[in-house]
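Fold and contact review
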Amino acid sequence: RLVAFSDAVFAITVTLLVLEIRPPTDYSKLLHGLAVLWPSYLAYALTFLFIGQVWANHHVMFDHIRAADRVILLLNTLLLMIVAFLPFTTSVLAGALRSGHGQRIAVVLYGIAFDATALAFNAVWQYARRHRLHSETLDPAGATAIGRRFQLALAWLTMGTLLGLLAPLLGVAVIAAFNVYYWLPIRGESSRAPS
């Protein structure tokens, strides 16, 4: 039930992202109106792919977690609460890039939301490992590789956030690179046949 509920939140959240892209109002200059929406397209694509890889890694993680106690349920709820906040930060980022104002604050807010997602993700995994709630089929090397990858996410997104404070577009580029890397498979991640 935890995974099904989580999947529903992920699905609703990615659907809400597209609602933040408002169509042009002046159809006499439609091509120009569509072109100036590039920040919305960029923010939409980055966030959609980020939520998608969080969803994919959430499945990897819960393929290995055999039991969910109240703490796991709470930590997972906090993770979903942060993910559900991402459409707002995406809209703020797109608006700042489009207007040319407040870009540093918008990128930092965006990065903090991504960072908070990674922090909550790490909390779920570390708690499950410490309390031996993961499956016996996961060998220690695989568990360590997964944990290191989740911890790297936190460091990577923090770096993107800090760089965004200095150079907003560089911060966005670091977050985009994060998305690309985190779609690659994790060593030892598969404990069962894909469904």
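Quick look at the structure, then. (Residues numbered from 1 in each chain as written. Predicted model: local features only at pLDDT ≥ 70, side-chain atom pairs only at ≥ 80, totals over all residues. Heavy atoms only, no water.)

A few words on the packing of helix H3 (residues 38-64) against helix H4 (residues 70-99). For any two helices packed against each other, the geometry comes down to the angle between their axes and how far apart the axes lie. Relative to each other, H3 and H4 sit at 165 degrees, their axes nearing to 8 Å. Put simply, H3 runs roughly antiparallel to H4. The interaxial crossing formed by H3 with H4 has right-handed handedness. Of the residues in H4, those touching H3 at Pro39, Ser40, Leu42, Ala43, Tyr44, Thr47, Phe50, Ile51, Val54, His58 and Phe62 are Ile72, Asn76, Leu79, Val83, Leu86, Thr90, Leu93, Ala94, Leu97 and Arg98. (Axes fitted to C-alpha atoms, helices over the stretch in contact; angles between N-to-C directions. Helix = DSSP H or I, 4+ residues; strand = E, 2+ residues; numbered from the N terminus. Parallel < 35°, antiparallel > 145°, perpendicular 65-115°, else oblique. Left-handed = near helix turned anticlockwise from the far one by under 90°. Contact = heavy atoms within 4.5 Å.)

Moving on: the nonpolar core. Of all hydrophobic cores here, the largest spans 50 residues; its most connected members are Met61, Ile65, Ile72, Leu93 and Trp125. Listing elements by their share of this core, those giving two or more residues are helix H1 (2-19), H3, H4, helix H5 (103-130), helix H6 (140-166) and helix H7 (168-182). Among the elements that take part in this core, H5 stands out by supplying twelve residues, more than any other. If we skip the residues at most four places from it in the chain, isoleucine 65 touches Val124, Trp125, Ala128, Leu133 and His134. (Core = buried A, V, L, I, M, F, W, Y, C linked by side-chain atoms within 4.5 Å. Buried < 20%, exposed > 50% of the residue type's maximum accessible area, 1.4 Å probe, protein only.)

Residues Tyr27, Leu30, Leu34, Trp38 and Tyr41 make up a contiguous nonpolar surface patch of about 500 Å² in total accessible area. Broken down by secondary-structure element, the contributors of at least two residues to the nonpolar patch are helix H2 (30-35) and H3. Residue class for tryptophan 38 comes out partly exposed when judged on its relative accessible area of 45%. (Patch = residues over 30% accessible without salt bridge, like charges linked within 9 Å, V, L, I, M, F, W, Y side chains within 5 Å. Areas by Shrake-Rupley, 256 points an atom, 1.4 Å probe, with all protein chains shown as cover. Salt bridge = Lys/Arg side-chain N within 4 Å of Asp/Glu carboxyl O.)

Time to look at H4. With 30 residues, H4 ought to run about 44 Å at 1.5 Å a step, and its terminal C-alpha atoms sit 44 Å apart, in line with that. Approximately 30 degrees is the largest bend angle found in H4, and it occurs at leucine 86, with the proline proline 87 only one to four residues beyond. Put simply, aspartate 69 is the residue that caps the front of H4, since its side-chain oxygen is 3.1 Å from the backbone nitrogen of valine 71. (Expected span 1.5 Å × (residues − 1). Bend = angle between axes of the 7 residues up to and from the residue. Polar contact = N/O pair within 3.5 Å; in protein donor to acceptor, adjacent residues only side chain to side chain.)

Right, let's talk about empty space enclosed by the protein for a bit. Under the criterion given, the structure shown has two cavities of 30 Å³ or more. In this structure, the largest cavity occupies an estimated 120 Å³ of space. What lines the largest cavity is a set of 13 residues, among which Gln53, Val54, Ala118, Phe121 and Ala153 lie closest to the centre. Elements with a minimum of two residues in the lining of the largest cavity: H3, H5, H6 and H7. When the residues that make up the lining of the largest cavity are grouped by side-chain class, the tally is nine nonpolar, four polar and no charged. For the second largest cavity, the calculated volume is near 60 Å³. For the lining of the second largest cavity, the elements supplying multiple residues, two or more each, are H3 and H4. It is H4 that contributes the most residues to the lining of the second largest cavity, four residues altogether. Within the lining of the second largest cavity, the residues separate by chemical class into four nonpolar, three polar and two charged. (1 Å grid on protein atoms, 1.4 Å probe; cavity = no way out; pocket = protein on both sides within 12 Å on 5 of 7 lines; lining within 4 Å. Points joined across faces, edges and corners; volume = space filled by probe spheres on them. Nonpolar A, V, L, I, M, F, W, Y, C, P; charged D, E, K, R; others polar.)

Turning our attention to H5. Helical geometry note: an α-helix holds 3.6 residues per turn, so side chains three or four residues apart project in the same direction. With 28 residues, H5 ought to run about 40 Å at 1.5 Å a step, and its terminal C-alpha atoms sit 40 Å apart, in line with that. Among the residues trailing H5, arginine 132 stands out with phi positive, at a value near 50 degrees.

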